[in-house]
Amino acid sequence: MDTAAVSCNPVCIGEGPGEVQLYRGLRKVVDKPTRSGSILDKILTNLGDFYKQVAILSPLGKSDHNVVTWFPKEVFPREPNVLTRRVLRPIRDSDARCFGRWISNQSWSGVHDAPDTQTKCDEFYSILHQALNTFFPQKEPAVARVNPKAMAQQDPNDREGAGRAVMWMTPRMISTALARCMSGIPDCEIWYEPYGFCHFAEEEMKKAGIIDIPRSYDGHEREFSLASERLGIVFNCEFVADQLTYSSVQKRLEESKSKYVFVKDESCGMNTDDKKKYFPLGYRHCFLLRHPLQVYNSLRKAGFRQLKASNILPTDAQEKTFDLRQFVAVYYLENMFQHHYNLWKYVKEKIDPSVMVIDASDLLNHPGEVMSKYCQAMGFPYSESMLEWEASEEVLKTWKWPSPNRYRSKIFKAAAVESTGFLAAPPVPPRDDLPPDVIDLADEAMPYYEEMFLSRIKVSAS
């Protein structure tokens, strides 16, 4: 603004070159002469913190005014997060049982013997409050309230959850190949379906007649031992009983010391609201997606082989007459697309409105573009070397499994184990070439798939 050519009123109050009183918090940033000995070219702003120091350069052409340059800062100043404290009273299953035993045996003699109603009331609340503090002691963790302005200015890799992510999926969505890709990141810890197997363990407890399903291991060793034995029969491998609890999975994920953590997990593991309190804190979320006809056609083939290997099907069973609809309960696959959709909606509404959805065909056909976008969004480092790996099961031994020898069962992941990279996506099979069970299951899943498909990340060719 050339103050010799325009009026400063009502922005400035005062007369002459000494105008210093400014409306609306404006301040001057040009502090050196711009023509002879006067500051005639002025910049008035309330956003000075976002710009570098003004630079005065020589005039252009025949102008007698110096050039004023003012560039924005590359990194804006961040406002600090505000540290607050919340009073919490955690209620663990074991503590609740102890409290239940105490209150069942409490005589309340002090309440009965009190002389009047107010005294009885005071005595009752005094006893109850003391018991609550004994069985459910309060905690005051420090909670950082993130400043939204600072969050918007922050580099994605500096935000909460950077380098820690859960990829939610259903079976047959190319998720194991994606996990093999993520193994190419140095110091990246890979977890294989920890919450999914907690859900499977609970389903086995229900089949065994256990109604009150526990969520923690302490005090419920028998139930989880039974569940691990039954899972071993279904999956033809051994399981570690104390790693099949929601509370232990959450605790181990949150306490991981690895620089990067990638979790591939089945969305059915969070199929009810009461399980969602076990979401690991500090993790970002993404959803993998694949056309239902491809998912169920592949699941039918792999499921048949697994059921025969586990001796659940007779030795003379034929794949041609196999009906997947009769066995979805064996592998806990009822309504799996609906569970996938419901969890996606929950994360979208409660955690991350822009939660990422990746279509498996896009991943297979454009692995570099998709993985680059995924790693950037989740805070992982990306390298093209991640897109290739050795055809070996050795890296699988380093993953975190609920079963020490689960990696040896190749029926559900043979293609990923034997591959050396992402292969081009096969076309969706024609309905006329598919058996009735695949078509029926896929038709039920299509409404959920189609809505999620609209939210997928776009690749250059889509």
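What counts and how
Residues numbered from 1 in each chain as written. Predicted model: local features only at pLDDT ≥ 70, side-chain atom pairs only at ≥ 80, totals over all residues. Heavy atoms only, no water. Helix = DSSP H or I, 4+ residues; strand = E, 2+ residues; numbered from the N terminus. Buried < 20%, exposed > 50% of the residue type's maximum accessible area, 1.4 Å probe, protein only. Contact = heavy atoms within 4.5 Å. Areas by Shrake-Rupley, 256 points an atom, 1.4 Å probe, with all protein chains shown as cover. Salt bridge = Lys/Arg side-chain N within 4 Å of Asp/Glu carboxyl O. Pairing = 2+ DSSP bridges. Axes fitted to C-alpha atoms, helices over the stretch in contact; angles between N-to-C directions. Expected span 1.5 Å × (residues − 1). 1 Å grid on protein atoms, 1.4 Å probe; cavity = no way out; pocket = protein on both sides within 12 Å on 5 of 7 lines; lining within 4 Å. Points joined across faces, edges and corners; volume = space filled by probe spheres on them. Phe/Tyr/Trp six-rings, centres within 6.5 Å; stacked < 30°, edge-to-face > 60°. Core = buried A, V, L, I, M, F, W, Y, C linked by side-chain atoms within 4.5 Å. Polar contact = N/O pair within 3.5 Å; in protein donor to acceptor, adjacent residues only side chain to side chain.

**Student:** Please clarify how the overall build of the protein chain should be interpreted in this entry.
**Tutor:** Secondary structure summary: the protein chain contains 14 helices and 13 strands in total. The buried share among the 462 residues of the protein chain stands at 44%. Sequence-distant contacts, at least 24 apart, represent 73% of the contacts inside the protein chain between residues at least 6 apart. Carbon and sulfur atoms form 51% of the exposed surface of the protein chain, whose accessible area is close to 24800 Å².

**Student:** Just to check I follow, could you spell out the pattern of salt bridges for this structure?
**Tutor:** Side-chain pairs of opposite charge can arise whenever the charged atoms involved come near each other. With the rule as written, the count across this model stands at 19 salt bridges. Notably, a salt bridge pairs Asp31 with Lys32, separated by 3.7 Å at the nearest N-O pair. What makes Lys32 partly exposed here is its relative accessible area of 45%. Lys251 is the partner of Glu255 in a salt bridge, and the nearest nitrogen-oxygen pair spans 3.1 Å. Connected through salt bridges with shared partners, the residues Glu202, Arg215, Asp274 and Lys275 form a single ionic network.

**Student:** What is the right way to look at the sheet that holds strand 9 (residues 164-169) in this model?
**Tutor:** Two pairing modes exist for strands in a sheet, parallel and antiparallel, and in both the strands are linked by backbone hydrogen bonds. Judged by pairing direction, the sheet is parallel, and its five strands sit side by side in the order 10-11-9-12-13 without closing on themselves. Two strands bound the open sheet, and with one partner strand each, they are strand 10 (188-192) and strand 13 (356-359). Taking the axes of each pair of neighbouring strands and ignoring which way they run, one obtains an average angle of 20 degrees across the sheet. Looking at chain direction, strand 10 and strand 11 (residues 260-266) are connected through five bridges and run parallel. When the sheet's bridge partners are listed, Tyr192 is paired in strand 11 with Lys264. Lying over the sheet, helix 6 (residues 194-207) contacts strand 9, strand 10 and strand 11, oriented at roughly 35 degrees with respect to strand 11.

**Student:** In this structure, what is going on with helix 10 (residues 336-350)? I would like to understand it.
**Tutor:** Between the first and last C-alpha of helix 10 there are 21 Å, a value that for 15 residues agrees with the 21 Å anticipated at 1.5 Å per step. Buried within helix 10 we find Met336, Phe337, His339, His340, Tyr341, Leu343, Trp344 and Val347. Structurally, helix 10 contributes buried residues whose contacts are with strand 9, strand 12 (284-289), helix 9 (292-309), strand 13 and helix 14 (436-453).

**Student:** Could you clarify how one ought to interpret the pairing of strand 13 in this entry?
**Tutor:** Burial along strand 13 is two-sided: Met356 and Ile358 facing one way and Val357 and Asp359 facing the other are all buried. With four bridges joining them, strand 12 and strand 13 adopt parallel strand pairing. Note on strand 13: the bridge partner recorded for Leu289 is Asp359.

**Student:** Which parts of the structure should I look at to understand empty space enclosed by the protein?
**Tutor:** Picture a little ball the size of a water molecule; that probe, rolled over the atoms, points out where space is still empty. Within this structure, the stated rule accounts for two cavities of 30 Å³ or more. The volume enclosed by the largest cavity comes to roughly 50 Å³. Trp191, Tyr192, Pro194, Gln243, Val249, Arg252, Lys400, Trp401 and Pro402 are the residues that line the largest cavity. When contributions to the lining of the largest cavity are tallied by element, the ones reaching two or more residues are strand 10 and helix 8 (246-254). The computed volume of the second largest cavity comes to approximately 40 Å³. Together, ten residues line the second largest cavity, and Thr170, Pro171, Glu266, Cys268 and Met336 are the ones closest to its centre.

**Student:** Looking at this structure, I do not really get the packing of aromatic side chains. What am I missing?
**Tutor:** The description of an aromatic ring pair uses the distance of the two centres, along with the angle that the planes make with each other. Throughout the structure, instances matching the rule amount to 23 aromatic pairs. With a centroid separation of 5.2 Å and an interplanar angle of 35 degrees, the aromatic rings of Trp108 and Phe124 are classed as tilted. Of this pair, Trp108 sits in the loop between helix 1 (93-105) and helix 2 (109-113) while Phe124 sits in helix 3 (residues 117-135), placing them 16 residues apart in sequence. Owing to a relative accessible area of 32%, Phe124 belongs among the partly exposed residues under this scheme. Each ring, one from Phe197 and one from Phe239, has its centre 5.3 Å from the other, and the planes form 40 degrees; the classification is tilted. One end of the pair, Phe197, is in helix 6; the other, Phe239, is in the loop between helix 7 (221-235) and helix 8, with 42 residues separating them in the sequence.

**Student:** Is there a simple way to explain the nonpolar core in this structure?
**Tutor:** With 100 residues, the main nonpolar core has Met182, Phe262, Tyr296, Ile358, Met371, Tyr374 and Phe380 as its most contacted residues. Considering every element that reaches this core, the biggest residue donor is helix 14, with eight residues. Here Met182 is in contact with Cys188, Ile190, Phe262, Met371, Tyr374, Cys375, Phe380 and Met386, once residues within four sequence places are set aside.

**Student:** Which parts of the structure should I look at to understand helix 3?
**Tutor:** One turn of an α-helix holds 3.6 residues; hence residues three or four places apart share an orientation. Over its 19 residues, helix 3 runs 27 Å from end to end, which matches the ideal 27 Å to within 8%, given 1.5 Å per residue. Its side-chain oxygen 3.2 Å from the backbone nitrogen of Gln118, Asp116 forms the N-cap of helix 3.

**Student:** Just to check I follow, could you spell out unusual backbone geometry for this structure?
**Tutor:** Across the chain, the bulk of peptide bonds are trans and the bulk of non-glycine residues have phi less than zero. Notably, Ser36 is not glycine yet its phi reads approximately 55 degrees, a positive angle. Here Ser36 lies in the loop between strand 3 (27-28) and strand 4 (44-45). Under the relative-accessibility criterion, Ser36 is labelled exposed at 72%. One non-glycine residue, Asp187, lies in positive phi territory at about 60 degrees. Residue position: Asp187 is located in the loop between helix 5 (175-182) and strand 10. What makes Asp187 partly exposed here is its relative accessible area of 47%.

**Student:** Please clarify how the pairing of strand 12 should be interpreted in this entry.
**Tutor:** Consecutive residues of a regular strand have side chains that alternate between opposite faces of the sheet. Counting buried positions along strand 12 gives six out of six residues, so the element sits mostly inside the fold. What you see with strand 12 is no split at all: Arg284, Cys286 and Leu288 on one side and His285, Phe287 and Leu289 on the other are buried throughout. Across four bridges, strand 9 lies against strand 12 in parallel orientation. Residue pairing across strands places Val166 opposite His285, the latter belonging to strand 12.

That's the geometry; what it means functionally is another story.
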